[in-house]
Amino acid sequence: MSKQQNIDLFGVVTQELGNSMFRVIADDTGLEIICTISGKIRKNFIRIMAGDRVKLEMSPYDLTRGRIVTRIDPIRKVVV
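Residues numbered from 1 in each chain as written. Predicted model: local features only at pLDDT ≥ 70, side-chain atom pairs only at ≥ 80, totals over all residues. Heavy atoms only, no water.

Participant: Teacher, can you tell me more about the side chain of Ser38 here?
Facilitator: Counting through the fold element by element, Ser38 comes out in the loop between strand S3 (32–37) and helix H1 (39–43). Of the residues examined, Ser38 reaches a relative accessible area of 10% and is grouped as buried. If near-sequence neighbours (up to four positions away) are discounted, Ser38 is found in contact with Arg67, Ile68 and Val69. (Helix = DSSP H or I, 4+ residues; strand = E, 2+ residues; numbered from the N terminus. Buried < 20%, exposed > 50% of the residue type's maximum accessible area, 1.4 Å probe, protein only. Contact = heavy atoms within 4.5 Å.)

Below, the structure is given as structure tokens:
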């Protein structure tokens, strides 16, 4: 794997931590991942709460940390 390859996963936010950090459980593996939000979500003031489905991006070097890339809309089942 090169440095630029990231692992993409889907998961559910279970807990909101301080300083824009979230605890997410991945759908595929069931791992508990500590995630922060990406700059695009922060810039557009998209709110993420416990229970939201999200798309994650993780580095292959540290599988306990990740970045929330998008929030999935539960009503329309589309990526926001």
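Participant: For this particular structure, what's the right way to read the environment of Asn19?
Facilitator: Its location among the elements puts Asn19 in the loop between strand S1 (7–17) and strand S2 (21–26). Exposure remark for Asn19: the relative accessible area of 74% places this residue in the exposed category. On a C-alpha basis, the gap between Asn19 and Lys43 in space is 15 Å, while along the polypeptide they are 24 residues apart.

Participant: What am I meant to see in the sheet that holds S2 here?
Facilitator: Backbone-to-backbone hydrogen bonds pair the strands of a sheet. The strands run either parallel or antiparallel. Taken together, the 5 strands give a closed barrel; going around it, the order is S1-S2-S3-S5-S4, and neighbouring strands pair in mixed fashion. In this sheet, adjacent strand axes meet at a mean angle of 50 degrees when their direction is disregarded. (Pairing = 2+ DSSP bridges. Axes fitted to C-alpha atoms, helices over the stretch in contact; angles between N-to-C directions.)

Participant: Honestly, the nonpolar core in this entry has me stumped. Any pointers?
Facilitator: The nonpolar side chains of a soluble globular protein tend to be buried, and buried together. Phe22, Val24, Ile33, Ile48, Val54, Leu56 and Ile68 are the most contacted members of the largest nonpolar core, which has 14 residues in total. Once residues lying within four places of it in the same chain are set aside, the contact partners of Phe22 are Val13, Gln15, Glu16, Leu17, Ile33, Ile34, Cys35, Ile37, Ile48 and Ile68. (Core = buried A, V, L, I, M, F, W, Y, C linked by side-chain atoms within 4.5 Å.)

Participant: Even after reading the chapter, I still don't get unusual backbone geometry, so can you show me in this structure?
Facilitator: In most cases, non-glycine residues show a negative phi, while peptide bonds are predominantly trans. Look at Asn19: it is not a glycine, yet its phi comes out positive at around 60 degrees. At Ser20, a position not held by glycine, the phi torsion is positive, near 55 degrees. Here Ser20 shows up in the loop between S1 and S2. Note on Ser20: relative accessible area 25%, which makes it partly exposed.

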